[in-house]
Amino acid sequence: MSDEPAERPDLRMPLLGATAWVGAVLGATDAVPTPVLVAGLATLVVGALATVLVTGPATGLVTGPATGLATGPARQRARPRRGPLLAATLLVLLGAVMVTVLRAHQVTHNPVAELAGERAVVAVEGTVASDPVRVTTGRTDQVVWRLRVTEVSGRGATTSLVTPVLVLMSADAPRPALGATVALRGRLAPADDHDLAGLLVASGDPEVRRAPDVWWRGSAAVRESLRESVAHMPRAQRELVPALVVGDDSGLPDDVEADFRTTGLTHLLAVSGTNLTLVVGFLLTLARWSRVRGRWLVVVGAAGVVGFVLLARTEPSVLRAAVMGTVALIGLGHDGRQRGLRALGVAVLVLVLVDPGLAVSAGFALSVLATAGILVLAPGMRDAMARWLPRWLAEAVAVPLAAQLACTPVVAAISGQVSLVAVAANVLVAPAVGPATVLGLAGGLVGVVSGPAGRLPGTLAATCVAWVIEVAERGAALPAAAVGWGTGASALVVLTVLVVLVALAAPGLLRRPATGIGCCLALVVAVVVRPADLGWPPDGWVLVACDVGQGDALVLSAGPHSAVVVDAGPDPQAVDACLRRLDVDHLPLVVLTHFHADHVDGLAGVLDGRTVDDVVVTRLLDPPRAVDEVLQTSRAEQLAPRYAGYGTTTSYGPLSLQTLWPLPGPATRGPGDGSGANDASVVLLAETAGMRILLTGDVEPPGQAMLARTLPGLDVDVLKIPHHGSAHQDEDWLVSLEPAVVLVSVGADNDYGHPAASALDPLTAIGAVVARTDTDGDLAVVVRDGEPEVVTRGRSVPRV
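Residues numbered from 1 in each chain as written. Predicted model: local features only at pLDDT ≥ 70, side-chain atom pairs only at ≥ 80, totals over all residues. Heavy atoms only, no water.

Participant: I would appreciate a short explanation of the pattern of salt bridges in the present structure.
Facilitator: Side chains bearing opposite charge may pair, as long as their charged atoms lie close to each other. One pass over the full model with this rule turns up 19 salt bridges. Residue R382 is joined to D383 by a salt bridge in which the shortest nitrogen-to-oxygen separation is 3.1 Å. Judged by its relative accessible area of 18%, R382 falls in the buried class. Residue classification places D383 among the partly exposed residues on the basis of a relative accessible area of 37%. Close ionic contact of R610 with D576 constitutes a salt bridge, the shortest N to O distance being 2.8 Å. (Salt bridge = Lys/Arg side-chain N within 4 Å of Asp/Glu carboxyl O. Buried < 20%, exposed > 50% of the residue type's maximum accessible area, 1.4 Å probe, protein only.)

Structure representation (structure tokens):
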């Protein structure tokens, strides 16, 4: 064994990469005025010249032990020169800030951006830069896609340029192919995304001027063939294979997606470096079997990277994944940690300079942190466990553990939870992910030549992902698969400190079988045994407004482990977690007040694992897509939704429910854009424990006025304010109800300005206690001394 000390890692390139990242984040804050920009550019040029003149072109970053030019005692005396490194760091920082500011200025200060500020009607021509995606925008279904504009005509002038815009058009309009050159008309509006010059609301169908190039047509053919190869398989399997191979998760069922989030498997649903590593690694293996050697292997690898990017699309997330996958491949080679860290530093540096918008992207942060965790943390954990485990098993555990640890603070900031089963889930699915990815790609490629032949590898790929789905479903069903975590600065700082401590202690704990197995057993107990959520739910709760983001999900107690749910919110996972916290497993009734996404998209989470007796919906069947999804989800559970009956009163244990709105009439389809859905909301009056509770859905002022006329003198103890507290209210009616407690179900930092002060101020002026899910989380109403009181998870909302 050599007495020579292990070579210390060369962290200079990672330092420069991190510096560029920080510079790009600073540049994206919109806090750099033009004079500073000019001064910064001048300093950058002068600094670069001074660095070259003072230090010489050959010193820079190759000074010190890493050059390998000194040996023996002389090598030990050699020290890195900090001056050039410090100068380079400052220049990279300043350069990243300047590049980011200039890029933002280029996008937001051009003729298209100016026309967008004027909301001008324009004609544009450009190249389709992304696949059209169907989205629900509030009340209607539409299609969005990116267009790289090359010519714009508006306000009497025509200008040639290159700038990105987001196109919003009807879901019924023909969808242009990626890479096609199109012309279309519409009205420009400012865009929320700083990477876009504007939002173009198309007023007609796009006119194709030139078809996509051959490589785009070939890519589209493979993607279509991939879907055809698995079309005969069950829905979850046939939708997961394209997600795994090319990141196309557009058709994945909501409940499956929620299970993947809970178990830390969402990286499988998006294009990631893992995808590229598997595909290119498979190609290199085939090449070696075919006796390809030397530089030709590099050619094969490069061709694999290019093909992967074309197949998965040249979007920023795909390019980022390709780069990180390449870094991972480098890390697999000789001297993997050193070479991998240098490659990671170069990758971050280049990516943020080429596309500064990545610096503030959560996907980019997760990719970089996961790659860094695997390169830095995994080797120590693997070597520790390899003392008592087979090396292949130690590596299989160490890689996801390191990646999960590195990403945990960012994941918690995004989702508000920490997954306790992520490492185990990733270890369990790992044997199936590689074969599924390669077989799915093979199905797409073979299917282009022969459709029936492509079904064989497609079927095998779908069979592999069935195991992945099973692991996600079983893992998500565990009592404590994920624990909630705050998204505030202090909570994330605490979590980051804990992660650092765990990362430092892990090699020591995992080195011995006793402590290693003990840690695993402790984690198993924590996951399997439901932790005590002290004080929640409070004794005697009658109503809970679940914190599900921008949407409604209300739970009325109907006895032990039983409740009536009114609306399901936008997220299956969030409403399911709320019901789990309440220990509800029987639902005698589920009411969907109307069919907007923020009230019905979480239905799968409500029904999952619970006995449901009845589902009631409004008579206005609009928007159609949401109606179809509700029917499909309900039928999957052998449920047949029925219409709410005006004036009917039904009891469920201690709870009595009366339907006050809408007025009687036949079921109608509506205009198809969901514009009338709010005012067709089912309005319920609940009576329980001596309390009168009014649940109003999103009923609008016309409906509110009609309720005031048909039910004069109505007063309640608790009011769920209509439409998340929007400014569009009949304030006189709300005040006339004289509620003691007002609940506002609303998402934090929403784009709608909910709740509006104009809606809340009149209610607080009469002494009502206002509680909000965006600031207080889950809200429970209890009865104390004959009066309603609001309790949140951890505290009570004081009475006024």
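So that's the structure; there's more coming.
Participant: Sorry if this is basic, but what is going on with the environment of S745 here?
Facilitator: Tracing the backbone shows S745 in the loop between β22 (741–744) and α26 (757–765). Expressed as a C-alpha distance, the spacing of S745 and I721, which sit 24 residues apart in the sequence, is 8.0 Å. For S745, the contacting residues outside a window of four places in its chain are C546, G551, D552, A553, H724 and T773. (Helix = DSSP H or I, 4+ residues; strand = E, 2+ residues; numbered from the N terminus. Contact = heavy atoms within 4.5 Å.)

Participant: For this particular structure, what's the right way to read the confidence of the model for the protein chain?
Facilitator: Caution applies to low-pLDDT regions: their predicted coordinates should not be interpreted in detail. Mean pLDDT for the protein chain: 82, with 84% of residues reaching 70 or above. Residue range residues 1–6 is modelled with pLDDT below 50. Its contacts to residues more than four positions away, or to other chains, number one contact. The model gives residues 794–800 a pLDDT under 50, and that stretch makes 19 contacts with residues more than four places away or in other chains. (pLDDT = per-residue confidence, 0-100.)

Participant: Got a minute to help me understand the nonpolar core in this structure?
Facilitator: Nonpolar side chains tend toward joint burial in soluble globular proteins. Counting residues in each nonpolar core, the largest one holds 35 residues, and the members touching the most others are V544, V555, V590 and V606. Within the residue set of this core, elements represented by two or more residues are β12 (562–566), α20 (572–581), β13 (586–592), α22 (603–607), β15 (615–617), α23 (624–636) and β24 (779–784). Here this core gets four residues from one element, more than from any other, and that element is α20. Other than its neighbours up to four places away in sequence, V606 contacts V565, A568, V575, L579, L587 and V590. Of all hydrophobic cores here, the second largest spans 32 residues; its members include L226, V245, V246 and A461. (Core = buried A, V, L, I, M, F, W, Y, C linked by side-chain atoms within 4.5 Å.)

Participant: Is there a simple way to think about the packing of helix α14 (residues 378–385) against helix α18 (residues 489–510) in this case?
Facilitator: The angle between the axes and the distance between the axes are what describe a pair of packed helices. As a packed pair, α14 and α18 sit with axes 8 Å apart at the nearest point and diverge in direction by 15 degrees. One way to sum up the angle between α14 and α18 is to call them roughly parallel. Pair α14 / α18 crosses with left-handed handedness. In this structure, α14 uses G380, M381, A384 and M385 to contact α18, whose residues at the interface are A506, P507 and L510. A per-class count over the contact of α14 with α18 returns six nonpolar, one polar and no charged. (Axes fitted to C-alpha atoms, helices over the stretch in contact; angles between N-to-C directions. Parallel < 35°, antiparallel > 145°, perpendicular 65-115°, else oblique. Left-handed = near helix turned anticlockwise from the far one by under 90°. Nonpolar A, V, L, I, M, F, W, Y, C, P; charged D, E, K, R; others polar.)

Participant: Sorry if this is basic, but what is going on with the sheet that holds strand β20 (residues 691–695) here?
Facilitator: Backbone hydrogen bonds are what pair the strands of a sheet, in a parallel or an antiparallel way. Strand order in the open sheet made by the seven strands is β17-β18-β19-β20-β21-β22-β23, with mixed pairing throughout. Only two strands of the sheet have a single neighbouring strand rather than two, namely β17 (649–652) and β23 (769–772). The sheet shows a mean angle of 20 degrees between the axes of neighbouring strands, taken without regard to direction. In this sheet, strand β18 (residues 655–661) lies alongside β17 in antiparallel orientation, the contact comprising four bridges. Bridging across to β18, Y652 finds its partner in L655. (Pairing = 2+ DSSP bridges.)

Participant: Looking at this structure, I do not really get the packing of helix α6 (residues 214–229) against helix α16 (residues 422–449). What am I missing?
Facilitator: Closest axis-to-axis distance for the α6/α16 pair is 7 Å, and the angle between their directions is 110 degrees. Judged by the angle between their axes, α6 and α16 are roughly perpendicular. Residues A221, V222, S225, L226 and S229 of α6 form the contact with α16, whose participating residues are G440, G443, G444, L445, G447 and V448. In the contact of α6 with α16, the residues fall into five nonpolar, six polar and no charged.

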